[in-house]
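A look at the structure
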Amino acid sequence: MVLFEIFEINLHLQNSRDKILYSITVFCLTQQVLIKIEIFMELTVFAKNLSFPEGPIALKDGSVVLVELKSRHIKRVYPNGEQKIIATVDGAPNGAALGPNGEIYIVNNGGMSWVEHEGLIAPGPQPENYIGGRVQIISTNGEVRDLYTHYEDGPILAPNDIIMDGAGGFYF
(Lines give C-alpha, C1' and ligand atoms only; values in the text may rest on other atoms or scores of the structure.)
Protein backbone atom coordinates (compact mmCIF):
# COMPACT_ATOMS: atom_id res chain seq x y z
CA MET A 1 0.00 0.00 0.00
CA VAL A 2 1.26 3.48 -0.91
CA LEU A 3 0.31 6.38 1.33
CA PHE A 4 -0.12 9.86 -0.08
CA GLU A 5 0.11 13.15 1.70
CA ILE A 6 -2.05 15.77 0.02
CA PHE A 7 -0.49 19.13 0.70
CA GLU A 8 -2.12 21.53 -1.71
CA ILE A 9 -5.45 21.72 -3.51
CA ASN A 10 -6.21 24.58 -5.87
CA LEU A 11 -9.69 25.18 -7.19
CA HIS A 12 -10.33 27.59 -10.03
CA LEU A 13 -13.92 28.44 -10.80
CA GLN A 14 -15.07 30.37 -13.84
CA ASN A 15 -18.79 31.10 -13.87
CA SER A 16 -20.74 32.22 -16.93
CA ARG A 17 -24.48 32.39 -17.52
CA ASP A 18 -25.17 28.66 -17.92
CA LYS A 19 -21.76 27.03 -17.63
CA ILE A 20 -19.41 26.61 -14.71
CA LEU A 21 -15.82 25.60 -15.44
CA TYR A 22 -13.88 23.88 -12.68
CA SER A 23 -10.19 23.26 -12.65
CA ILE A 24 -8.84 21.34 -9.67
CA THR A 25 -5.14 20.78 -9.10
CA VAL A 26 -4.02 18.43 -6.34
CA PHE A 27 -0.42 17.93 -5.25
CA CYS A 28 0.41 14.70 -3.42
CA LEU A 29 3.59 13.35 -1.92
CA THR A 30 4.63 9.74 -1.49
CA GLN A 31 7.91 8.65 0.02
CA GLN A 32 9.79 9.35 -3.21
CA VAL A 33 7.46 11.08 -5.70
CA LEU A 34 5.63 14.38 -6.07
CA ILE A 35 2.39 13.86 -7.98
CA LYS A 36 0.33 16.57 -9.64
CA ILE A 37 -3.27 15.65 -10.50
CA GLU A 38 -5.24 18.03 -12.71
CA ILE A 39 -8.96 17.66 -13.22
CA PHE A 40 -10.94 19.83 -15.61
CA MET A 41 -14.73 19.81 -15.62
CA GLU A 42 -17.43 21.74 -17.37
CA LEU A 43 -20.67 21.89 -15.43
CA THR A 44 -23.81 22.95 -17.29
CA VAL A 45 -27.03 24.18 -15.71
CA PHE A 46 -29.52 21.34 -16.25
CA ALA A 47 -32.67 22.96 -14.84
CA LYS A 48 -33.78 26.28 -13.42
CA ASN A 49 -36.64 27.56 -11.28
CA LEU A 50 -36.85 24.50 -9.06
CA SER A 51 -38.50 24.73 -5.65
CA PHE A 52 -36.02 23.39 -3.05
CA PRO A 53 -34.99 20.25 -5.00
CA GLU A 54 -33.59 17.12 -3.36
CA GLY A 55 -33.25 13.40 -3.95
CA PRO A 56 -32.19 13.28 -7.60
CA ILE A 57 -32.49 9.99 -9.50
CA ALA A 58 -30.50 9.82 -12.75
CA LEU A 59 -32.37 7.77 -15.33
CA LYS A 60 -30.90 5.87 -18.28
CA ASP A 61 -32.46 8.23 -20.85
CA GLY A 62 -30.53 11.19 -19.40
CA SER A 63 -33.47 12.66 -17.50
CA VAL A 64 -33.53 13.17 -13.73
CA VAL A 65 -36.38 12.61 -11.30
CA LEU A 66 -36.30 14.80 -8.20
CA VAL A 67 -38.50 15.97 -5.36
CA GLU A 68 -39.24 19.59 -4.55
CA LEU A 69 -39.84 20.26 -0.88
CA LYS A 70 -41.47 23.66 -1.23
CA SER A 71 -43.87 22.91 -4.11
CA ARG A 72 -44.39 19.29 -2.95
CA HIS A 73 -43.86 18.06 -6.53
CA ILE A 74 -42.11 14.97 -7.75
CA LYS A 75 -40.73 16.11 -11.07
CA ARG A 76 -38.93 14.69 -14.09
CA VAL A 77 -36.42 17.01 -15.72
CA TYR A 78 -35.25 16.27 -19.26
CA PRO A 79 -31.85 17.17 -20.78
CA ASN A 80 -33.48 19.91 -22.88
CA GLY A 81 -34.71 21.60 -19.67
CA GLU A 82 -38.34 20.49 -19.98
CA GLN A 83 -39.94 19.74 -16.61
CA LYS A 84 -42.89 17.41 -16.06
CA ILE A 85 -44.73 17.00 -12.76
CA ILE A 86 -45.15 13.30 -12.01
CA ALA A 87 -47.10 13.76 -8.76
CA THR A 88 -47.89 16.25 -6.01
CA VAL A 89 -48.00 15.04 -2.41
CA ASP A 90 -49.18 16.41 0.92
CA GLY A 91 -46.39 17.12 3.38
CA ALA A 92 -42.88 17.71 2.01
CA PRO A 93 -41.02 15.08 -0.02
CA ASN A 94 -37.31 15.15 0.70
CA GLY A 95 -35.74 12.06 -0.78
CA ALA A 96 -36.33 9.70 -3.69
CA ALA A 97 -35.06 6.38 -5.03
CA LEU A 98 -36.01 4.20 -7.97
CA GLY A 99 -37.59 0.94 -6.84
CA PRO A 100 -37.22 -2.50 -8.42
CA ASN A 101 -40.40 -2.23 -10.52
CA GLY A 102 -39.82 1.29 -11.82
CA GLU A 103 -41.84 2.85 -9.02
CA ILE A 104 -40.45 5.87 -7.19
CA TYR A 105 -40.02 5.52 -3.44
CA ILE A 106 -40.01 8.81 -1.55
CA VAL A 107 -39.58 9.84 2.04
CA ASN A 108 -41.84 12.64 3.19
CA ASN A 109 -41.00 14.65 6.30
CA GLY A 110 -44.67 15.51 6.88
CA GLY A 111 -44.62 19.16 5.90
CA MET A 112 -42.74 22.41 6.30
CA SER A 113 -43.51 26.07 6.46
CA TRP A 114 -41.29 28.51 4.58
CA VAL A 115 -39.76 31.81 5.61
CA GLU A 116 -38.36 34.45 3.26
CA HIS A 117 -35.59 36.69 4.48
CA GLU A 118 -33.58 39.11 2.34
CA GLY A 119 -34.51 37.29 -0.87
CA LEU A 120 -33.66 33.83 0.46
CA ILE A 121 -36.24 31.17 1.25
CA ALA A 122 -35.62 28.76 4.11
CA PRO A 123 -37.58 26.14 6.05
CA GLY A 124 -39.54 27.51 8.98
CA PRO A 125 -41.38 25.97 11.95
CA GLN A 126 -43.65 22.94 11.67
CA PRO A 127 -46.90 23.99 9.95
CA GLU A 128 -50.44 23.43 11.23
CA ASN A 129 -51.12 21.04 8.33
CA TYR A 130 -48.23 18.71 9.29
CA ILE A 131 -49.19 15.13 8.27
CA GLY A 132 -46.38 13.21 9.95
CA GLY A 133 -43.41 11.49 8.36
CA ARG A 134 -43.89 8.63 5.92
CA VAL A 135 -42.45 6.49 3.19
CA GLN A 136 -44.51 6.63 0.01
CA ILE A 137 -44.54 4.92 -3.38
CA ILE A 138 -45.40 6.67 -6.62
CA SER A 139 -46.56 4.25 -9.30
CA THR A 140 -45.49 4.55 -12.91
CA ASN A 141 -48.81 6.31 -13.65
CA GLY A 142 -48.32 8.89 -10.86
CA GLU A 143 -50.55 7.45 -8.13
CA VAL A 144 -49.23 8.09 -4.61
CA ARG A 145 -49.74 5.67 -1.73
CA ASP A 146 -48.37 5.44 1.79
CA LEU A 147 -46.12 2.46 2.40
CA TYR A 148 -45.20 3.25 6.03
CA THR A 149 -46.30 5.91 8.49
CA HIS A 150 -45.27 4.01 11.63
CA TYR A 151 -42.75 1.46 12.78
CA GLU A 152 -43.02 -0.84 15.80
CA ASP A 153 -42.15 1.89 18.33
CA GLY A 154 -44.32 4.70 16.97
CA PRO A 155 -44.75 7.15 14.13
CA ILE A 156 -42.05 7.91 11.59
CA LEU A 157 -40.68 11.36 12.34
CA ALA A 158 -39.32 13.48 9.46
CA PRO A 159 -37.41 10.92 7.36
CA ASN A 160 -34.76 12.42 5.12
CA ASP A 161 -33.28 10.70 2.03
CA ILE A 162 -33.75 7.11 0.94
CA ILE A 163 -31.56 4.55 -0.80
CA MET A 164 -32.46 1.16 -2.28
CA ASP A 165 -30.28 -1.82 -1.36
CA GLY A 166 -30.46 -3.67 -4.69
CA ALA A 167 -32.48 -6.54 -3.21
CA GLY A 168 -35.84 -4.76 -2.94
CA GLY A 169 -35.21 -3.21 0.47
CA PHE A 170 -34.37 0.36 1.37
CA TYR A 171 -32.81 2.54 4.05
CA PHE A 172 -33.78 6.04 5.14
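What comes next concerns the included structure.

1. So, the overall build of the protein chain
- Looking only at helices and strands, one finds zero helices and 17 strands in the protein chain.
- Its C-alpha radius of gyration of 21 Å places the protein chain more than 25% over the 16 Å reference for a compact globule of 172 residues.
- Projected onto the principal axes, the alpha-carbon positions of the protein chain cover approximately 60 × 40 × 35 Å.
- Each of the 172 residues in the protein chain was classed as buried or not, and the buried ones make up 34%.
- A total of about 11,400 Å² of accessible surface is found on the protein chain, and carbon and sulfur atoms cover 53% of it.
- One way to put it: in the protein chain the 12 positive side-chain charges average out to a point 9 Å from where the 20 negative ones average out.

2. Some words on the pattern of salt bridges
- Under the defined criterion, the tally for this structure stands at three salt bridges.
- When the shortest N-O distance is used, the salt bridge between Asp-61 and Arg-76 registers 2.7 Å. In this pair, Asp-61 is assigned in the loop between β4 (53-58) and β5 (64-68) and Arg-76 in strand β6 (residues 73-77), connecting sequence segments 15 residues apart.
- Of the residues examined, Arg-76 reaches a relative accessible area of 23% and is grouped as partly exposed.

3. A look at the sheet that holds strand β8 (residues 93-98)
- Sheet architecture is open: four strands sit in the order β8-β9-β12-β13, paired in antiparallel fashion. Edge positions in the sheet fall to β8 and β13 (144-148), since each of these pairs with one other strand and no more. The average undirected angle you get between the axes of adjacent strands in this sheet is 30°.
- Strand direction decides the pairing type here: strand β12 (residues 134-138) and β13, joined by four bridges, are antiparallel.

4. Regarding the sheet that holds β4
- With antiparallel pairing, four strands are arranged side by side in an open sheet as β4-β5-β6-β7. This sheet does not close on itself; its edge strands, each paired only once, are β4 and β7 (83-88). Each strand of the sheet is rotated relative to its neighbour by a mean of 25°, with strand direction disregarded.
- Here β4 runs beside β5; their pairing, made up of four bridges, is antiparallel. Paired with Glu-54 across the bridge in β5 is Val-67.

Analysis parameters
Here the residue numbers are simple positions, counted from 1 along each chain's written sequence. Only residues with pLDDT of 70 or above have their local features reported here, since the model is predicted, and side-chain atom pairs are shown and tallied only from 80 upward, although totals for entire chains, interfaces and linings are computed over all residues. The side-chain numbers reported here are obtained from all heavy atoms of the structure, hydrogens and water having been left aside. In this description a helix means any DSSP run of H or I spanning at least four residues, a strand means any run of E spanning at least two, and both kinds are numbered starting from the N terminus. Note that the radius of gyration is over C-alpha atoms, with the globule rule given as 2.2 Å times the number of residues to the power 0.38. Exposure categories follow from relative accessible area, calculated using a 1.4 Å probe and restricted to protein chains: below 20% of the type maximum is buried, above 50% is exposed, and the middle band is partly exposed. The accessible surface values rely on the Shrake-Rupley method and a 1.4 Å probe; as for residues, cover is taken only from the protein chains in view. For the purpose of charge, His is not counted, nor are the chain termini; Lys and Arg are scored as positive and Asp and Glu as negative. Charged groups are reduced to one reference atom each: NZ for lysine, CZ for arginine, CG for aspartic acid, CD for glutamic acid. When a carboxyl oxygen of Asp or Glu lies within 4 Å of a side-chain nitrogen of Lys or Arg, that pair is called a salt bridge. A pair of strands is considered paired only if DSSP assigns at least 2 bridges between the two. Between N-to-C directions, angles span 0 to 180 degrees; the directions come from axes that are lines fitted to C-alpha atoms, helices contributing only their stretch in contact.

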